[in-house]
Amino acid sequence: MTDEVDYEALPPNAGTLVNMLAGALAGISEHAVMYPVDSIKTRMQVFSASPVAVYSGVGNAFARISSTEGMRALWRGVSSVILGAGPAHAVHFGTLEAVKELAGNAGSQPWLATSLAGASATIASDALMNPFDVIKQRMQIHKSEFRSVLTCARVVLRNEGFGAFYVSYPTTLAISIPFNAIQFTVYDQVKRVMNPRLEYSPSTHITAGAVAGAIAAAVTTPLDVAKTILQTRGTAHDPELRNVRGMLDALRVIWARDGLKGYSRGLTPRVLTIMPSTALCWLSYEFFKAAIRTD
């Protein structure tokens, strides 16, 4: 009689490659679907002297961008995300599963193993994704001069040097490590409460992913504003913004210009983006993980 397959336990001959492929497919699905809302988040976080580029909310941004630039403007730069998201998420989920298994075998508590795995996965994947994220945001901003990923990369490299692609990396890690530690821990706990048998359950994966993403997004929004300032500094006309040196400097500038409310810029579209994105990402990941596995 054939033993029942444990959904959570992939067979040895599937292993890391399956997790990486599932992660890549999940990452592309996640970013492509929610990209227009992410574009609005970027625009709301950029300090602009032009009143045309200042939006009071997500609905206002959709209406004004669609009427003045066309809806296609909200998809500008999506190719950079697609190019980077697949490999980055493959590395992310491959590292996640490998570290979680190692930590589990070492006798760590489940929550500690999950948090350690999430943080480790983030350090690896963000190193790969950061340049693509810089290019994406340069293409998303109001009146961006760029229509091609390669052109944008070439111009940034020529004018600002290679360091421009990584000036925000420490800030990205400062966001991503707590974000993913929170996300993976909340996801794992909610999933276990809703689905104690750990069976394949789309409704569980969607709900747990959405809750985890919303909490993690809200907590890390202030640092995300600082990251956007750093990644778009080369397009700023204001000398102070153009010469922001790092995360603490960006946080100082935000406080000086907009006070406490400046740290919540883009909060709503960030949560709106990440909630369904994480829900879709985890649903896609769990689906591909189950579908690709071999007996």
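Scope of this entry: the structure provided in the associated data block. As the structure is a prediction and not an experimental result, all values here were calculated from the model.

Reading guide: rules and limits
Residues numbered from 1 in each chain as written. Predicted model: local features only at pLDDT ≥ 70, side-chain atom pairs only at ≥ 80, totals over all residues. Heavy atoms only, no water. Phe/Tyr/Trp six-rings, centres within 6.5 Å; stacked < 30°, edge-to-face > 60°. Helix = DSSP H or I, 4+ residues; strand = E, 2+ residues; numbered from the N terminus. Buried < 20%, exposed > 50% of the residue type's maximum accessible area, 1.4 Å probe, protein only. Lys NZ or Arg CZ within 6 Å of the ring centre and 35° of its normal. 1 Å grid on protein atoms, 1.4 Å probe; cavity = no way out; pocket = protein on both sides within 12 Å on 5 of 7 lines; lining within 4 Å. Points joined across faces, edges and corners; volume = space filled by probe spheres on them. Nonpolar A, V, L, I, M, F, W, Y, C, P; charged D, E, K, R; others polar. Axes fitted to C-alpha atoms, helices over the stretch in contact; angles between N-to-C directions. Left-handed = near helix turned anticlockwise from the far one by under 90°. Contact = heavy atoms within 4.5 Å. Polar contact = N/O pair within 3.5 Å; in protein donor to acceptor, adjacent residues only side chain to side chain. Salt bridge = Lys/Arg side-chain N within 4 Å of Asp/Glu carboxyl O. Expected span 1.5 Å × (residues − 1). Bend = angle between axes of the 7 residues up to and from the residue.

### Considerations on the packing of aromatic side chains
Thought 1: Per the stated rule, a full pass over the model turns up 7 aromatic pairs.
Thought 2: Seen from their ring centres, Phe184 and Trp282 are 5.3 Å apart, and the 90 degrees between their planes marks the pair as edge-to-face. Of this pair, Phe184 sits in helix 7 (residues 169-194) while Trp282 sits in helix 11 (residues 267-292); the two residues are 98 residues apart in sequence, bridging distant segments of the chain. Each of the two residues, Phe184 as well as Trp282, counts as buried.
Thought 3: Consider the rings of Tyr187 and Trp282, whose centres lie 3.9 Å apart with planes at 10 degrees: the pair is stacked. Residue Tyr187 is found in helix 7, and its partner Trp282 is found in helix 11; the two are separated by 95 residues along the sequence.
Thought 4: It is Arg265 that lies over the ring of Phe47; its NZ or CZ is 3.8 Å from the centre.

### Concerning empty space enclosed by the protein
Thought 1: Evaluated as defined, the whole model comprises 2 cavities of 30 Å³ or more.
Thought 2: By volume, the second largest cavity is sized at about 100 Å³.
Thought 3: Every residue lining the second largest cavity is counted, 13 residues in all, and those nearest its centre are Lys100, Tyr187, Asp188, Lys191 and Trp282.
Thought 4: For the lining of the second largest cavity, the secondary-structure elements that each account for two or more residues are helix 4 (78-105), helix 7 and helix 11.
Thought 5: A per-class count over the lining of the second largest cavity returns 5 nonpolar, 1 polar and 7 charged.

### Some words on the packing of helix 8 (residues 202-231) against helix 11
Thought 1: Between helix 8 and helix 11, the shortest axis-to-axis distance is 7 Å and the interhelical angle comes to 145 degrees. The chirality of how helix 8 crosses helix 11 is right-handed. Between helix 8 and helix 11, the residues in contact are Pro202, His205, Ile206, Gly209, Ala210, Gly213, Ala214, Ala217, Ala218, Thr220, Thr221 and Asp224 and Leu267, Arg270, Val271, Ile274, Met275, Thr278, Ala279, Trp282, Leu283 and Glu286, respectively.
Thought 2: When grouped by side-chain class, the residues that make up the contact of helix 8 with helix 11 number 13 nonpolar, 6 polar and 3 charged.

### Considering the side chain of Gln137
Thought 1: The topology assignment puts Gln137 in helix 5 (residues 110-140).
Thought 2: Residue classification places Gln137 among the buried positions, given a relative accessible area of 0%.
Thought 3: Among the polar contacts made by the side chain of Gln137, one reaches the side chain of Thr42 at a distance of 3.1 Å.
Thought 4: Among the polar contacts made by the side chain of Gln137, one reaches the side chain of Gln231 at a distance of 2.7 Å.
Thought 5: With near-sequence residues (within four places) excluded, Gln137 lies in contact with Lys41, Thr42, Lys227, Thr228, Gln231 and Thr232.

### Considerations on the pattern of salt bridges
Note on pairing: side chains with opposite charge can pair once their charged atoms come close.
Thought 1: Applying the stated rule across the entire model yields 18 salt bridges.
Thought 2: Of the charged contacts in the structure, one is a salt bridge between Asp133 and Lys227, with a shortest N-O distance of 3.0 Å. Separated by 94 residues along the polypeptide, Asp133 in helix 5 and Lys227 in helix 8 bring together distant segments of the chain. A single burial state applies to Asp133 and to Lys227, both of which are buried.
Thought 3: Of the charged contacts in the structure, one is a salt bridge between Asp238 and Arg257, with a shortest N-O distance of 2.6 Å. A residue pair is termed long-range when its members are at least 10 positions apart, and Asp238 in the loop between helix 8 and helix 9 (239-242) and Arg257 in helix 10 (residues 247-258) qualify at 19 residues.
Thought 4: Residue Asp238 is classed as partly exposed on the basis of its relative accessible area of 27%.
Thought 5: Through salt bridges with shared partners, a single network forms among Asp38, Lys41, Asp133, Lys136, Asp224, Lys227 and Arg270.

### What to know about the environment of Thr220
Thought 1: Within the secondary structure, Thr220 sits in helix 8.
Thought 2: As for Thr220 and Ser264, which are separated by 44 residues in sequence, their C-alpha atoms are 9.6 Å apart.

### Some details on the environment of Ala121
Thought 1: Locating Ala121 in the fold gives a position in helix 5.
Thought 2: Among the residues examined, Ala121 registers a relative accessible area of 0% and is labelled buried.
Thought 3: Residues Ala121 and Ala181, spaced 60 residues apart in sequence, show a C-alpha to C-alpha distance of 9.8 Å.
Thought 4: Discounting residues that sit within four places of it in the chain, Ala121 has contacts with His92, Thr95 and Leu96.

### Some details on helix 5
Thought 1: Its 31 residues place the ends of helix 5 only 39 Å apart at the C-alpha level, less than the 45 Å of an ideal helix rising 1.5 Å per residue.
Thought 2: In helix 5, a bend of some 45 degrees at Met129 exceeds every other bend along the element, and Pro131, a proline, comes one to four places later.

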